[in-house]
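Results of the structural survey
Listed below, chain by chain, are the residues.
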Amino acid sequence: YQALWQERVKAGRWQRWQQRIGERKEAGYGERVSEIAAELAAHFAQGQDYVRAVKYHLLAGNTALQRYGHHEAIDHFTKGLVLLKRLPETPDRDQQELQMQMTLGAPLYMMKGPTAPEAEAVYGRARELCQRLEAAPQFVPAYLGLIRYYGTRGELQSGKELGDKLLKLAQRLEDSVLLPTAHSAQSGMCFFLGNFTAARSHAEHATKKYNIQKHGPLVFLHGEDPGIMGLTYQSWILWYLGYPAQALHKCKEANLLAQKASHPSNVAHVQIFMAWVHHLRGEIQETRQWTDTLIAFSTEQEVP
């Protein structure tokens, strides 16, 4: 019925109706507008009000992220980026795109991994927009995504150079939220380059000023929690430095923190490290138990 009805309505009239329906629902829901953000995005897109359509795709994507609906979030952010291309290039439009690209980066990282071509394209574009807008604090998610991309591909020197820039930026801004994140990223790069002493120092800095209320929500923007990353890196580093008991202790600390933060990707990340540390310690039964736990949890929560 809807298809037949739409065929008999002229395009201009259909467009006006969609716009009016969107405006009426927007006004009707008021402060509860996030409940129908996806619906409003569709109405305004069909009404060719692309500014509001982008706004509601971003809101719908963020709402989906809060419910761990990563595939749904990716879909909304991708549609929003397509619509942004229809708007004239202005600083405001670039700012909107930067926000959309950076928010898209986290679910892409969680669902497809840091080496996915889509992730590289997103973070590369975000970095380009940051340079154009000279938006210093917004560099952080873009840099983090590229550091993970280079690190996982084995392009460690490129990742380390970006890590240096990220840390200098966080220090220059004297930002207590960004510093643990920068130290956590640099710890990973130093570890994989074999510089365990520097890696340990950065990991300890990442956890020293960590606060779960302040830093826990960063997982939705960055794709990882700097406190949990700092503790798990310490567990690996301590084993390689010859402290197997301390390594396991740090992993247990990370596990307690991940359970408290309760974000699925954090929990799965720690379970991987628990299995690895037991494996390195030659504890086969414990390794098997943690890998079984990890597989069951990741299947249930759809963490790839």
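Structural notes, computed from the coordinates. (Residues numbered from 1 in each chain as written. Predicted model: local features only at pLDDT ≥ 70, side-chain atom pairs only at ≥ 80, totals over all residues. Heavy atoms only, no water.)

**Let's talk about the overall build of the chain**
Of the regular secondary structure elements, the chain holds 17 helices and zero strands. Considering only C-alpha atoms, the chain reaches an extent of 75 × 40 × 30 Å along its principal axes. Scored against the burial criterion, the 304 residues of the chain give a buried share of 52%. A sequence separation of at least 24 residues applies to 58% of the contacts in the chain between residues at least 6 apart. In the chain, which carries 34 positive and 31 negative side-chain charges, the distance between the mean positions of the two groups comes to 3 Å. (Helix = DSSP H or I, 4+ residues; strand = E, 2+ residues; numbered from the N terminus. Buried < 20%, exposed > 50% of the residue type's maximum accessible area, 1.4 Å probe, protein only. Contact = heavy atoms within 4.5 Å. Lys, Arg positive; Asp, Glu negative; His and termini not counted. Charge placed at Lys NZ, Arg CZ, Asp CG, Glu CD.)

**Description of the state of the cysteines**
Counted according to the given criterion, the structure contains zero disulfides. Of all cysteine sulfurs, the one in C251 lies closest to C190, which takes part in no disulfide; the gap is 20 Å. Judged by relative accessible area, C190 falls into the buried class, the value being 4%. (Disulfide = S-S within 2.5 Å.)

**Comments concerning the packing of helix α5 (residues 70–84) against helix α6 (residues 91–112)**
Running from N to C, α5 and α6 cross one another at 150°; their axes reach a closest spacing of 9 Å. Considering their axes alone, α5 and α6 lie roughly antiparallel with respect to each other. Every pair of crossing elements has a handedness; the one defined by α5 and α6 is left-handed. Contacts from H70, H71, I74, F77, T78, G80, L81 and L84 of α5 reach α6 at R93, Q96, E97, M100, Q101, T103, L104, P107, L108, M110 and M111. Of the residues assigned to the contact of α5 with α6, the class counts are 10 nonpolar, seven polar and two charged. (Axes fitted to C-alpha atoms, helices over the stretch in contact; angles between N-to-C directions. Parallel < 35°, antiparallel > 145°, perpendicular 65-115°, else oblique. Left-handed = near helix turned anticlockwise from the far one by under 90°. Nonpolar A, V, L, I, M, F, W, Y, C, P; charged D, E, K, R; others polar.)

Function cannot be inferred from these measures alone, as they are strictly geometric.
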